[in-house]
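Chain by chain, the residues run as shown.
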Amino acid sequence: MTVLQAIRGAAGRVALRKRMMVAYWFFHTLMAAFVAVPLAGVAVSNLGHSRYGAELARGFDLSWLVEVYFYLQGGPLAAILPMVLLAVFLLFLGSIFLSGGAVKMLVYDGPDYSPRMFYEGCGRYFWRFLRLTLYSMIFYGTALILQRILRKLADQAWGEGMEDHQLTIAGWVVSGITIVLFALVSTAMDYAKVRLVTDDSRKSLRAAFGSMRLVLTHLGKTMGVWLVLMVFLAVFAGLYLPLSNWLHGGGAGKILTLILVQQLYVFGRVWLRMMAWGAAVELDPFVRPKPLPPLEPVFVPVAPGPEPPEFLAGATAEPEV
Amino acid sequence: MRFVLALLACVACAHGAMSRQVASYDIKATLDTKTHIITGHEVLTWVNDSPDTVPALRLHLYMNAFSNSKSTFFRESGGQLRGDQFKGDEWGWIDIRKMELDDADLTGAIRFVHPDDNNADDRTVIEVPLPRPVKPGETIQVSIVFETKMPMVFARTGFHKDFYLGGQWFPKIGVWETAGFRYSTAGAWNCHQFHANSEFFANFGKYHIELTVPSPMVVGATGELKSRTESRGRTTYTFEQEDVTDFAWTAQPTYLREERMFLADKETTPQEVAAAAKLHGIPESEVRLSDVKMIALVQPEHREQMERHFASLRAALKWFGLWYGRYPYKTITVVDPPANAAGAGGMEYPTFITAGTFWKLPPESRLLEEVTVHEFGHQFWMQLVATNEFEESPLDEGFNTYSTSKVMDQVFNGMGELPLRFMGVNLWKLLGFPGLRSNSMNRAQYLLFPSGDNLLRPAWQYYNSTSYGINSYYKTGVALDTLEAHLGHDTMARVMRTYHQRWRFRHPTARDFQKVANEVSGQNLDWFFDQFFFGNRQLDYSVGDVINRQQRTPLGAVDRNGKRVVVTRKEAEAQDDKNDDNKNFKKQYECTVKVRRLGDAAVPVEVWIHFKDGGTEKRTWDGQYRWVKYTFLRGSEIDWVEVDPGRKYALDISYANNSWESDYNIRLSTSWTMQLLFWIQNISLWMTSLA
Ligand SMILES: [Zn+2]
């Protein structure tokens with residue numbers, strides 16, 4: 001299976017789950033609103049009835065940010081900060097929760113969306129995915145250590161020089177490498193999630209390491225998909241940014257259009273997330289050898305799709321890759 | 001007193017000099033680039049232009065601030081200044097090998113003194129008792145043999161690889177302040193130790209410096225290059241400058257050195273000259289600028305930014321010149337220090353400034369222009385008007401912040417963008433952030449610490465270095481903006497020019513500026529200076545309660561045609577209902593506005609009350625009590641209220657509470673909340689893809 005086939009297959013899978021995507025976007029937005037609304041409320045509270053608000057909307061003044069910080073310092077900030085931190089933590093847990101349902105729905109290509117199945121997936125896989133996230137820290141940590149080592153090396157080579165272009169360029173290169181390393185880990189975690197769902201396994205640690213090996217051994221395919229999706233993201237951002245800059249600071253019509261465009265962009269990103277999981281689902285059977293009877297491979301009929309996960313559950317041992 | 005001084009001044013006035021040349025230096029110095037040591041012989045010519053008999057000399061040995069971690073400079077700074085850290089073991093120091101007056105050897109009599117903090121380990125000020133006191137009007141010549149070890153550069157002066165910046169590098173005499181001079185009540189030396197948060201103070205004089213360096217070095221310095229002679233791999237540069245307070249130099253073999261001429265008649269239009277002459281009521285000949293040779297020493301990797309340095313100098317020479325008076329020197333040199341020597345950047349010396357930039361600094365970011373204009377501005381606020389930077393840093397940094405912002409906003413349309421880049425991508429532009437206006441940046445920084453200190457304090461006595469920075473630079477900038485809004489542009493322009501012209505080549509104090517401001521404006525501005533310059537009052541006006549009460553039929557015993565009639569509740573309600581149904585009935589409202597003074601600064605302020613019928617009531621409140629109440633009986637409710645509608649008081653710590661309007665700004669809250677939501681959604685989706 002080629003990268004483009006995987007993308008096409010993922011697009012088909014995702015197209016079947018439109019309602020699920022809307023639900024995913026909705027809950028995501030709801031969680032984000034829990035953080036955004038109180039924060040914005042506090043920030044804007046001193047402007048709601050002030051004529052300064054209209055002035056700021058016309059031309060933003062940096063000094064207002066400090067003014068509002070000074071105004072909040074006395075109490076509201078201290079009160080709201082723990083709340084916001086808690087909300088961000090819940091947002092984090094919530095996004096793990098939702099991904100369980102989403103991956104399940106993408107793996108299962110039976111009849112159309114059933115909300116019950118989605119929520120079941122959310123609950124069923126939450127703890128495994130959470131553990132997976134914790135294990136992923138090992139890889140992210142390694143990537144960060146690597147980044148620091150590279151930075152140190154660059155610093156040793158050029159840090160004390162008379163010119164700053166070498167170190168600046170080195171900094172860009174190191175940032176690029178770090179992004180690719182993070183992408184690698186994140187892709188591996190996508191495969192790990194798919195594996196936990198298709199195998200209905202609880203072994204998150206094995207899934208994490210197995211998927212990491214899988215991604216590294218099939219670098220072209222797995223990261224090829226990532227690259228294509230990044231191109232999509234760049235196109236979305238390229239469309240969004242100029243439009244939003246043009247819509248900023250306009251009247252009611254422009255504000256509403258901007259809100260619409262923003263949510264379209266967010267929806268585009270939700271789609272990309274689904275595509276990433278969907279592509280992992282597509283590629284998974286091809287990159288992960290199944291422990292088949294070694295003598296009679298010819299007899300295995302070519303299945304139109306992967307078998308339902310229930311069949312696989314517990315039927316096979318954890319495959320070693 | 002001043003009359004006596006004026007007479008004595010002639011003693012110090014050399015032929016053709018613009019200043020009283022009290023302390024002049026003739027130095028021959030050689031730089032050894034292997035040891036980073038300068039060996040020098042200095043002849044200090046000092047004129048006692050006071051009516052006092054001076055028994056001893058005091059000199060700065062600034063370089064000893066870098067001699068060890070026990071110096072006052074190191075104790076205060078912790079070995080880091082303006083974000084630059086002292087690393088490694090290349091310390092700096094200065095030793096006086098021999099000191100003679102006439103034929104008397106003073107070397108043995110030198111002792112270290114610590115007038116500011118009694119730190120016995122600080123060796124930045126010496127006192128030398130003289131064999132016989134210096135009489136009023138007498139001139140002495142002191143011969144000093146010295147050796148200066150340059151430190152690794154992190155605070156203005158020192159070296160980095162083969163880059164050298166020589167500042168505060170030679171023994172420099174303090175300022176004898178006789179009674180009546182500045183704040184002095186009795187004759188004494190003003191010779192402060194080298195502090196972390198402080199710059200310098202010196203008399204004017206004539207400098208003749210012969211500096212010998214290895215021949216490959218490209219050299220720049222204060223003043224005009226008079227000669228350049230080479231012998232056996234070494235080159236001696238002779239620089240001269242009259243009417244300055246200091247001398248600094250730089251050397252680096254790889255500098256790109258270029259010159260351009262500032263041609264006054266090309267840079268200014270006749271209309272600009274005429275407008276300035278008219279504004280100040282002076283002849284055009286007095287306004288006209290003079291030609292200046294601009295020299296730039298730029299790092300090779302900043303080659304494409306060469307012209308930006310000249311453009312900044314042009315803008316500054318022109319506008320500072322037109323506003324305050326022509327730049328009187330023949331040269332100005334701007335230095336771009338290399339990477340890892342940023343501590344040497346952003347510094348001012350007479351006719352010689354250091355700027356700073358980054359590789360590929362985008363043209364939209366005006367950091368280079370801002371720092372160049374600012375450091376040039378010190379030629380006016382520090383050099384020409386030579387205030388005491390130790391004791392009144394706002395007079396140099398703050399006045400310069402105010403003037404620099406004006407040039408930046410006028411010529412470069414503000415600060416532009418910040419260089420916010422990720423992997424070379426300009427995020428500032430990508431995300432559509434707006435351009436930055438300088439005065440708004442000043443206010444933003446002022447708001448970080450608005451009234452924790454008096455604006456004016458000895459530089460090392462502010463709460464911390466942040467407060468030093470905020471008060472010396474930004475708060476003063478905002479305070480002068482406020483003064484300008486109060487006086488109007490033209491009056492403020494006259495105040496500034498008068499102050500500059502009156503105190504050019506002299507040493508004023510903040511009180512002298514206050515006097516000029518009062519005199520030129522014809523107003524008593526003491527309330528302003530007392531609260532904001534010499535005090536630490538916080539300004540915060542706010543709209544308090546706004547109440548619109550519709551007039552109802554009066555209840556109870558009322559007089560009607562001379563008879564007492566009791567109007568019952570029922571009758572009144574019935575009458576009110578009737579009135580409400582009657583379209584022609586003119587409703588009356590009792591509208592009350594309370595304006596509050598939340599801060600402890602009290603200033604006269606305008607209050608505008610706008611009604612829904614389109615009318616506006618304007619009041620002026622003296623702000624003396626904590627609040628004021630205005631009541632109106634009108635046929636319409638209040639639409640909005642604004643305190644200080646002209647935004648005169650940029651010192652007000654909150655613009656948001658200065659106004660109130662009846663309609664809630666739903667458009668703003670919706671669009672900002674949705675904007676924030678959008679960013680949090682994005683962050684959350686990144687978290688999802690990483691988790
Ligand atoms: Zn400055």
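Residues numbered from 1 in each chain as written. Chains lettered and ligands numbered in written order. Predicted model: local features only at pLDDT ≥ 70, side-chain atom pairs only at ≥ 80, totals over all residues. Heavy atoms only, no water.

Outline the overall build of chain B, supporting the account with residue identities and numerical values.
What chain B contains, in helices and strands, is 16 helices and 36 strands. Evaluated residue by residue, chain B yields a buried proportion of 57% over its 691 residues. Counting only contacts in chain B whose residues sit at least 6 apart along the sequence, the fraction spanning at least 24 positions is 73%. Computed over 77 positive and 85 negative side-chain charges, the separation of the two mean positions in chain B equals 4 Å. (Helix = DSSP H or I, 4+ residues; strand = E, 2+ residues; numbered from the N terminus. Buried < 20%, exposed > 50% of the residue type's maximum accessible area, 1.4 Å probe, protein only. Contact = heavy atoms within 4.5 Å. Lys, Arg positive; Asp, Glu negative; His and termini not counted. Charge placed at Lys NZ, Arg CZ, Asp CG, Glu CD.)

Would you mind going over the overall build of chain A in detail, with residue names and values included?
Looking only at helices and strands, chain A features 11 helices and 0 strands. Mapped from its N terminus to its C terminus, chain A presents α and β elements in the order α-α-α-α-α-α-α-α-α-α-α. Counting the 321 residues in chain A, one finds 47% classified as buried. Of the contacts formed within chain A by residues at least 6 apart in sequence, a portion of 78% connects residues at least 24 apart. If you sum the accessible surface of chain A, you get close to 16000 Å²; carbon and sulfur atoms cover 73% of it. (Areas by Shrake-Rupley, 256 points an atom, 1.4 Å probe, with all protein chains shown as cover.)

Describe in detail the coordination of the zinc ion, supporting the description with residues and values.
Residues and elements named next belong to chain B. Binding of the zinc ion to the protein goes through His374 (NE2), His378 (NE2), Glu397 (OE) and Glu397 (OE), at separations of 2.0 to 2.7 Å. Given 4 donor atoms and angles of 52 to 150 degrees at the metal, the environment of the zinc ion is assigned as irregular. Between consecutive donors of the zinc ion, the numbers of intervening residues give the motif H-x3-H-x18-E. As far as burial versus exposure is concerned, His374 and His378 are alike and both buried. (Donors = N, O, S within 2.8 Å, 3.2 Å for Na, K, Ca; no water. Tetrahedral: all angles 85-135°; square planar, octahedral: opposite > 155°, others 65-115°.)

So what's going on with the interface of chain A and chain B? Which residues, and what values?
Where interface size is given, it is often the accessible area lost as the parts come together that is meant. Between chain A and chain B, the residue contacts involve 75 residues of the former and 69 residues of the latter. Taken together, the two surfaces of chain A and chain B that pack against each other cover about 6200 Å², and 66% of this comes from carbon and sulfur. On the chain A side of the contact with chain B, A:His49, A:Arg51 and A:Met162 bury the most area, a combined 14% of that side's loss. Taken together, chain A and chain B are joined by 4 salt bridges. Close ionic contact of B:Lys87 with A:Glu160 constitutes a salt bridge, the shortest N to O distance being 3.5 Å. Inspection of the chain A/chain B interface yields 30 residue pairs in polar contact (both at pLDDT 80 or more). Of all the elements in the fold, those that place two or more residues in the side of chain A that touches chain B are helix 2 (18-45), helix 3 (51-58), helix 4 (62-73), helix 5 (76-107), helix 6 (115-158), helix 7 (165-198), helix 9 (219-247) and helix 10 (252-287) of chain A. Considered class by class, the residues forming the side of chain A that touches chain B number 43 nonpolar, 22 polar and 10 charged. (Buried area = accessible area lost by both parts, 1.4 Å probe. Salt bridge = Lys/Arg side-chain N within 4 Å of Asp/Glu carboxyl O. Polar contact = N/O pair within 3.5 Å; in protein donor to acceptor, adjacent residues only side chain to side chain. Nonpolar A, V, L, I, M, F, W, Y, C, P; charged D, E, K, R; others polar.)

Before we move on, can you summarise the confidence of the model for chain B with the specific residues and values?
All names here are of chain B. Per-residue pLDDT for chain B has a mean of 93; in total, 98% of the residues score no lower than 70. Here residues 1-11 is modelled with pLDDT under 50, and outside its nearest four sequence neighbours on either side it reaches 16 contacts, counting other chains as well. Among the scores for the predicted complex, ipTM is 0.86 and pTM is 0.89. (pLDDT = per-residue confidence, 0-100.)

Before we move on, can you summarise the pattern of salt bridges with the specific residues and values?
Counted by the stated rule, this structure contains 50 salt bridges over all chains. Across the pair A:Arg116 and A:Glu120 runs a salt bridge, and its minimum N-O distance is 3.3 Å. One end of the pair is A:Arg116 and the other is A:Glu120, both in helix 6 and 4 residues apart, which spans about a single turn. Judged by relative accessible area, which is 39%, A:Glu120 ranks as partly exposed. Put simply, A:Asp199 and A:Arg288 hold a salt bridge, and the shortest N to O gap is 2.9 Å. With A:Asp199 in the loop between helix 7 and helix 8 (204-217) and A:Arg288 in the loop between helix 10 and helix 11 (309-312), this residue pair connects regions lying 89 residues apart in the sequence. Like A:Asp199, the residue A:Arg288 is buried in the burial classification. One salt-bridge network, held together by shared partners, links B:Glu177, B:Arg182, B:Glu391 and B:Glu392.

Please provide a residue-by-residue account of the domain arrangement of chain B, values included.
All names here are of chain B. For chain B, the assigned domains are domain 1 (1-251), domain 2 (256-532) and domain 3 (541-665). In this structure, domain 1 and domain 2 have C-alpha centres spaced 26 Å apart. Each side of the interface is counted separately: domain 1 has 48 residues, and domain 2 has 47 residues. Here domain 1 meets domain 2 over a buried area of about 3900 Å², counting both sides, of which 61% is carbon and sulfur. The tally of links between domain 1 and domain 2 comes to 2 salt bridges. With its nearest N and O atoms 3.9 Å apart, the salt bridge here joins Glu392 to Arg182. Where domain 1 touches domain 2, the interface holds 13 residue pairs in polar contact (both at pLDDT 80 or more). Counting only elements with at least two residues in the side of domain 1 that touches domain 2, the list comes to strand 12 (163-166), strand 17 (218-221), strand 19 (234-244) and strand 20 (249-252). Here the residues of the side of domain 1 that touches domain 2 are counted per class, giving 19 nonpolar, 18 polar and 11 charged. (Domains from an automatic or database assignment.)

Tell me about the nonpolar core, and name the residues and values.
Side chains of a nonpolar character, in soluble globular proteins, are inclined to be buried together. Core analysis: the biggest nonpolar cluster contains 265 residues, and A:Met274, B:Trp46, B:Trp169, B:Trp249 and B:Phe376 have the highest contact counts within it. Examining the composition of this core, we find that 15 residues originate from one element, helix 10 of chain A, more than from any other. Residues in contact with B:Trp249, not counting those within four places in the same chain, are B:Leu31, B:Ile38, B:Met150, B:Tyr164, B:Leu165, B:Gly166, B:Trp169, B:Leu211, B:Gly220, B:Ala221 and B:Phe352. (Core = buried A, V, L, I, M, F, W, Y, C linked by side-chain atoms within 4.5 Å.)

Go over the sheet that holds strand 21 (residues 256-262) of chain B, please, and point to the residues and values.
Strand pairing in a sheet takes place through backbone hydrogen bonds and is either antiparallel or parallel in direction. Residue and element names in this part refer to chain B. Read from one edge to the other, the open sheet built from 5 strands follows the order 21-22-23-25-24, with strand pairing classed as mixed. Of all the strands in the sheet, the pair left with one neighbour each is strand 21 and strand 24 (347-349). Taking each pair of neighbouring strands and ignoring which way they run, the sheet shows an average axis angle of 15 degrees. Against the sheet, helix 7 (residues 367-377) touches strand 23 (331-335), strand 24 and strand 25 (352-354), its axis set at about 145 degrees to strand 25. (Pairing = 2+ DSSP bridges. Axes fitted to C-alpha atoms, helices over the stretch in contact; angles between N-to-C directions.)

So, empty space enclosed by the protein: which residues are in play, and what are the values?
Residues and elements named next belong to chain B. Taken as a whole, this structure holds 4 cavities of 30 Å³ or more when the rule is applied. The calculated volume of the largest cavity comes to roughly 140 Å³. Contributing to the lining of the largest cavity are 15 residues, with Phe200, Thr245, Asp246, Met382 and Glu389 lying nearest its centre. For the lining of the largest cavity, the element with the most residues is strand 24, which contributes 3 residues. Residues that form the lining of the largest cavity fall into these classes: 8 nonpolar, 3 polar and 4 charged. Two domains each donate at least three residues to the lining of the largest cavity, and these are domain 1 (1-251) and domain 2 (256-532). (1 Å grid on protein atoms, 1.4 Å probe; cavity = no way out; pocket = protein on both sides within 12 Å on 5 of 7 lines; lining within 4 Å. Points joined across faces, edges and corners; volume = space filled by probe spheres on them.)

Provide a residue-level description of the domain arrangement of chain A, including the pertinent values.
Residue and element names in this part refer to chain A. Domain annotation of chain A identifies domain 1 (1-124 + 219-288) and domain 2 (128-217). Taking the mean C-alpha position of each, domain 1 and domain 2 sit 23 Å from one another. Contacts between the two partners involve 23 residues from domain 1, matched on the other side by 21 residues from domain 2. Regarding the contact of domain 1 and domain 2, the summed buried area is about 2000 Å², with carbon and sulfur atoms giving 68% of it.

For the side chain of A:Arg128, give the residues involved together with the corresponding values.
In this structure, A:Arg128 sits in helix 6. Other than its neighbours up to four places away in sequence, A:Arg128 contacts A:Leu196, A:Asp200, A:Ser201, A:Arg202 and A:Ser204.

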